[in-house]
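Summary of structural features
One-letter residues, chain by chain:
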Amino acid sequence: MTLEIKNTPIKPAIPANAPIGVFDSGVGGISVLQHIHALLPYEHLLYVADSRYAPYGGKTPQEIQSRCFEITDFLIAKGAKAIVVACNTATAAAIDRMRAKYSLPIIGMEPAVKPAAAASKNGVIGVLATVGTLKSAQFAGLLESYGRNVKVVTQGCTGLVECIERGELADEATRNLLQKYCKPLLDEGADTIVLGCTHYPFVAPLITQVVGEGVALIDTGAAVAKQLQKRLSALDLLAWPDQAGKVRFWTNSPSANAKPVIEALWGGDAEVLAF
Ligand code: DGL
């Protein structure tokens, strides 16, 4: 009698202590990385800043998709167990294609229209985001689902990502841009402003100076970290709490200031490698 062994492909198990890959068009996603590291301190994190190609805001969805594929392939080659697209613009342009192409968990983000609509007292909310995010089908869907009972004033912030990439968080030019972009929101009476791009939390103090303490700013980083925790937990992929998570950064920025800017935004020494 012969034994027949069926040729069933065995899926290699992903180890729970494998790292999580996080990326953005540049340094903005570090605002999300901070929330992830605070909530999941045992996770090893790999961050890619695609700064040579920033901003994504004016690029076509096809261009953004190809950047997302290249970075995701890199992070998977480094052993990533999950990917966080720490970029509203890339999520809108590429997350469906990424989920169709890759089998690992992929967490994306979108401007916090729903929580802002719930938080607003006067029913007028402002959304600061990239032009790419604002003209995406995903954003139209968000407005359709959650923006019906409030007035939503949107403002594309061309040039702001570049200021933040250069680390100009409190400069006059950055303040002037913010004054220009916040004015239409204030003119309409917005009492709540959504920071719809992951770069913008880094200029939140400047935005508050411009719009006043009475206007609430809403950022999505904490919600993304919670969503990531939920997905990893459901898949039994949360790291064992046996050692502190290590965080490593890669950048393709041509600027000599890339490392100091990353360290200033991260808030401490960082291992920064070339991507
Ligand atoms: N940080 C980004 C976002 O959340 C991208 C900005 C850009 O590159 O235009 O949308």
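Preceding this section is the structure that the text describes.
Quick summary incoming for the structure in this document. (Residues numbered from 1 in each chain as written. Predicted model: local features only at pLDDT ≥ 70, side-chain atom pairs only at ≥ 80, totals over all residues. Heavy atoms only, no water.)

1. Quick notes on the pattern of salt bridges
Our working definition: Salt bridge criterion: a side-chain nitrogen from Lys or Arg within 4 Å of a carboxyl oxygen from Asp or Glu. The helix and strand labels rest on DSSP assignments: H or I over at least four residues marks a helix, E over at least two residues marks a strand, and numbering proceeds from the N terminus. With a 1.4 Å probe rolled over the protein chains alone, any residue whose accessible area is under 20% of its type maximum counts as buried; one over 50% counts as exposed, and the rest are partly exposed.
All chains considered together, the criterion is met by ten salt bridges. The partner of Asp-50 in a salt bridge is Arg-67, and the shortest N-O contact between them spans 2.8 Å. One end of the pair, Asp-50, is in the loop between strand 2 (45–49) and helix 2 (61–77); the other, Arg-67, is in helix 2, and 17 residues separate them in sequence. Overall, the relative accessible area of 0% leaves Asp-50 in the buried class. Of the residues examined, Arg-67 reaches a relative accessible area of 6% and is grouped as buried. The network of salt bridges with common partners includes Asp-50, Arg-67 and Glu-70.

2. Comments concerning the site of the ligand
Going by this rule: When we say a residue is near a molecule or strand, we mean one of its heavy atoms is within 4 Å of it. Any pair of nitrogen or oxygen atoms within 3.5 Å is treated as a polar contact; in protein, a donor-acceptor pairing is required on top of that, and neighbouring residues in sequence qualify only through side-chain atoms on both sides. Per-residue and other accessible areas were derived by the Shrake-Rupley procedure at a 1.4 Å probe size, with only the shown protein chains allowed to occlude residues. Three classes are used, and their members are as follows: Ala, Val, Leu, Ile, Met, Phe, Trp, Tyr, Cys and Pro are nonpolar, Asp, Glu, Lys and Arg are charged, and the others, Gly among them, are polar.
Around the ligand lies a shell of 13 residues, among which Ser-25, Tyr-56, Gly-57, Thr-89 and Thr-198 are the nearest. One nitrogen or oxygen atom from the main chain of Tyr-56 is found 2.6 Å from an oxygen atom belonging to the ligand. A distance of 2.8 Å separates an oxygen atom of the ligand from a polar atom in the backbone of Gly-57. Alone, the ligand offers 300 Å² of accessible surface; in the complex the protein occludes 99% of this. Its residues assigned to classes, the shell around the ligand shows five nonpolar, seven polar and one charged.

3. Let's talk about the packing of aromatic side chains
Put simply, the rule is: Here is the rule: rings of Phe, Tyr and Trp (six-membered ring for Trp) pair when centre to centre is within 6.5 Å. Planes less than 30 degrees apart are stacked, more than 60 are edge-to-face, and the remainder are tilted. Note on criteria: charge over ring means Lys NZ or Arg CZ within 6 Å of the ring centre, with the direction from the centre no more than 35 degrees off the ring normal.
With the rule as written, the count across this model stands at five aromatic pairs. Here the aromatic rings of Phe-69 and Tyr-102 are separated by 6.2 Å at their centres, their planes lie at 70 degrees, and the arrangement is edge-to-face. Pair noted here: Phe-69 is in helix 2 and Tyr-102 is in the loop between helix 3 (88–101) and strand 4 (106–107), with a separation of 33 residues, a long-range link. Residue classification places Tyr-102 among the buried positions, given a relative accessible area of 11%. Taking the centre distance of 4.8 Å and the plane angle of 70 degrees together, the rings of Phe-74 and Phe-275 count as edge-to-face. Here Phe-74 is found in helix 2, whereas its partner Phe-275 is found in the segment after strand 10 (271–274), with 201 residues between them in sequence. Among the aromatic residues, those joined into a ring-pair cluster are Tyr-47, Phe-249 and Trp-266. Stacked on the ring of Tyr-53, the Lys or Arg Arg-67 has its end atom at 3.6 Å from the ring centre.

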